[in-house]
Structure formats: C-alpha cells, structure tokens
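# Working through the structure, step by step
Chain by chain, the residues:
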Amino acid sequence: MRIPIAGNNIGYARVEFDGDCQNIVDTDEKKQFLNDVRIGMAIHLSLEESAVTNMDAGCGSIIVNFTIEHSNITVLNSSIEKLGQLTTSGNLIIQLTDGSSMKVCLKWFAYNF
C-alpha cells in the first residue's frame, strides 16, 4: 500500500464491475486490469493517474477498491461526487488494454476519511 503524500486529502472508493472475477482476480491479468481501471478512473474524474492509488480487486462480480488523493479537499470531494454520478447513471465504462470494455454496476461506495 502506498503511503499518501503529506498534506493530501484521502478518499476511499469501491466500485463493482459486471464480470467474472475468476478471469481477473488471482490471475496474471489482475495487474493490467487494475492499471486500466486506474487510467480510466483518472480520465473520468479529471485527475492525474497518480491520484488514483492503492488499487486492489476482489470477487463479488469484480470489486475494485482504491484511494483517491488530492491536496485540495474541494477537488477530492468533487471527484467523489462525480464518481457517484457516473456510477448511478450507468455511464462509467473503463476501456481495457485488450480492446474490450467493462461497465461499472449501479453499486458504488465512496467516502472521505
């Protein structure tokens, strides 16, 4: 787990993707999948890729936990709000390196700590 940069505000998030976790979790594909999700989240949330950290994936469809960090609390709160809007509208789709895409389910959880 990466230690946050001093002075940064932290938000924790969880999103769930439709898909078979057995194809991602505990496979060689996990690292690339998480990198693709990091890039996609950064694009969708208008953040630097380095702001999306501590990525991990588990089963239950495909659950991805991650941290969003930013020095500006307003930007962080805005990013978490945008994540909620994207997931509840069904408009959060992540493009994967292999050319396929994954859509986030309408379940999400994010909060500031």
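Residues numbered from 1 in each chain as written. Predicted model: local features only at pLDDT ≥ 70, side-chain atom pairs only at ≥ 80, totals over all residues. Heavy atoms only, no water.

### Looking at the overall build of the protein chain
Using the following cut-off: Only runs of H or I of at least four residues qualify as helices and only runs of E of at least two qualify as strands under DSSP, and these elements are numbered from the N terminus. Only protein chains enter the accessibility calculation, which uses a 1.4 Å probe; a residue whose area is less than 20% of its type maximum is buried, one above 50% is exposed, and one in between is partly exposed. Two residues form a contact once any of their heavy atoms are found within 4.5 Å.
A count of helical and extended segments in the protein chain gives 2 helices and 5 strands. Listed N to C, the secondary structure of the protein chain is β-α-β-β-α-β-β in terms of helices and strands. The proportion of buried residues among the 113 residues of the protein chain is 42%. Considering only intrachain contacts with a sequence separation of at least 6, the fraction spanning at least 24 residues in the protein chain is 67%.

### Some thoughts on the confidence of the model for the protein chain
To be explicit about the condition: pLDDT measures how confident the predictor is about each residue, on a scale from 0 to 100.
In this model, the protein chain carries a mean pLDDT of 85, and residues with pLDDT of at least 70 account for 87%. Mean pLDDT in the protein chain bottoms out at strand S5 (residues 101–112), which sits at 72, and peaks at helix H1 (residues 30–44), which reaches 95.

### Observations regarding H1
Definition in use: Expected helix span is taken as 1.5 Å per residue step, with the number of steps being one fewer than the number of residues.
Across its 15 residues, H1 extends 21 Å between first and last C-alpha, which sits within 8% of the 21 Å expected from 1.5 Å per residue. What H1 keeps buried is the set Lys30, Phe33, Leu34, Asp36, Val37, Gly40, Met41 and Ala42. Immediately downstream of H1, the backbone of Ser46 shows phi near 55°, a positive value.

### Describing the pairing of strand S3 (residues 62–70)
Here is the rule we go by: Strands are treated as partners if at least two bridges between them are detected by DSSP.
Of all the 9 residues making up S3, 7 are buried; the element is thus mostly covered by neighbouring parts of the structure. Sheet analysis places strand S1 (residues 9–17) next to S3, joined by 9 bridges and oriented antiparallel. Across the sheet, residue Val15 finds its bridge partner in S3, namely Val64. Here 6 bridges tie strand S2 (residues 52–59) to S3, and the two strands are oriented antiparallel to one another. Paired with Val52 across the bridge in S3 is Ile68. Here S2 folds back onto S3 in antiparallel fashion, the turn holding 2 residues, of which Gly60 has a positive phi close to 120°.

### Topic: helix H2 (residues 73–89)
Our working definition: Within 3.5 Å is the distance limit for a polar contact, defined as a pair of N or O atoms, with the added protein rule that one can donate a hydrogen and the other accept it, and that residues adjacent in sequence qualify only through two side-chain atoms.
Over its 17 residues, H2 extends 24 Å from the first C-alpha to the last, a length consistent with the 24 Å expected when each residue adds 1.5 Å. Of all the residues in H2, the buried ones are Leu76, Ser79, Ile80, Leu83, Gly84, Leu86 and Thr87. Between the side-chain oxygen of the N-cap and the backbone nitrogen of Thr74 there are 2.8 Å, and the N-cap of H2 in question is Asn72. Note on H2: the residue one or two positions beyond its end, Gly90, has a positive phi of about 80°.

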